[in-house]
Amino acid sequence: MRMKHLIAAALTALTLSGCSLVYRIDIPQGNYVEQKQVDKLRQGMTREQVEFVLGSAMLRDGFDPNTWYYLYEFQPGRGEKERKELTLTFANDRLATVTGDFPLPAAFHTPL
């Protein structure tokens, strides 16, 4: 009888310790943008040139077609969520401003 209790306790401990070993997948969403891509941006670039460098925008404002949003969110299976944003504004179909979580390149205001 005592042996049954020991075996039951051991099995319970093994199954409970396995709960922390559950695999959780990493979930990336949106546009993954790197600093080296942002470094290629120049004021005055056309929309096509910007799209070639960064890819399609995650979101284009329906009320303001001159604003593009590049959003990226990464939720690792374990750990803190990472979020990056980049907002581009166009004037006369040319890149005017860039704001967000990436520093502007020193040559951003240098014409192409």
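Our structure is the block above this text.
Remember, predicted model here, so these are calculated numbers, not experimental data.

A. Main features of helix H3 (residues 47-54). Taken together, the buried positions of H3 are occupied by Arg47, Val50, Val53 and Leu54. Seen from one end, H3 has its buried residues packed into an arc of 125°, which puts them on one side. What points out from H3, more than 90 degrees from its buried face, is the exposed set Glu48 and Phe52. Taken together, the buried residues of H3 touch helix H2 (35-38), strand S3 (67-75), strand S4 (82-91) and strand S5 (94-100). Looking one or two residues beyond H3, the residue adopting positive phi is glycine 55, at roughly 90°.

B. Focus on the pattern of salt bridges. Here the structure, examined in full by the defined rule, presents six salt bridges. For aspartate 93, the salt bridge is made with arginine 47, and the minimal N-O distance between the two is 2.9 Å. Taken together, the residues aspartate 93 in the loop between S4 and S5 and arginine 47 in helix H3 connect sequence positions 46 residues apart. Judged by its relative accessible area of 16%, arginine 47 is buried. Between glutamate 85 and arginine 83 there is a salt bridge; the shortest N-O distance is 2.9 Å. Assessed through its relative accessible area of 45%, arginine 83 is described here as partly exposed. Each of the salt bridges in this network shares a partner with another, and the network as a whole consists of Glu73, Lys81, Arg83 and Glu85.

Reading the values: rules and limits
- Residue positions are given per chain, counted from 1 along the sequence in the order it is written.
- For this predicted model, a pLDDT threshold of at least 70 governs which residues receive local features, and a threshold of 80 or more governs which side-chain atom pairs are given and counted, while totals over whole chains, interfaces and linings are taken from all residues.
- Note that water and hydrogens are dropped before the side-chain values are worked out from all heavy atoms of the structure.
- The cut-offs for exposure are 20% and 50% of the maximum accessible area for each residue type, with area from a 1.4 Å probe on protein chains only; residues under the lower value are buried, those over the upper are exposed, and the others partly exposed.
- Counting from the N terminus, the helices are the DSSP runs of H or I reaching at least four residues and the strands are the DSSP runs of E reaching at least two.
- Working definition: the arc comes from the directions between the helix axis and the C-beta atoms, pointing outward to the latter.
- Contacts between residues were defined by any pair of non-hydrogen atoms, one from each residue, lying within 4.5 Å.
- We define a salt bridge as a contact between a side-chain nitrogen of Lys or Arg and a carboxyl oxygen of Asp or Glu at a distance within 4 Å.

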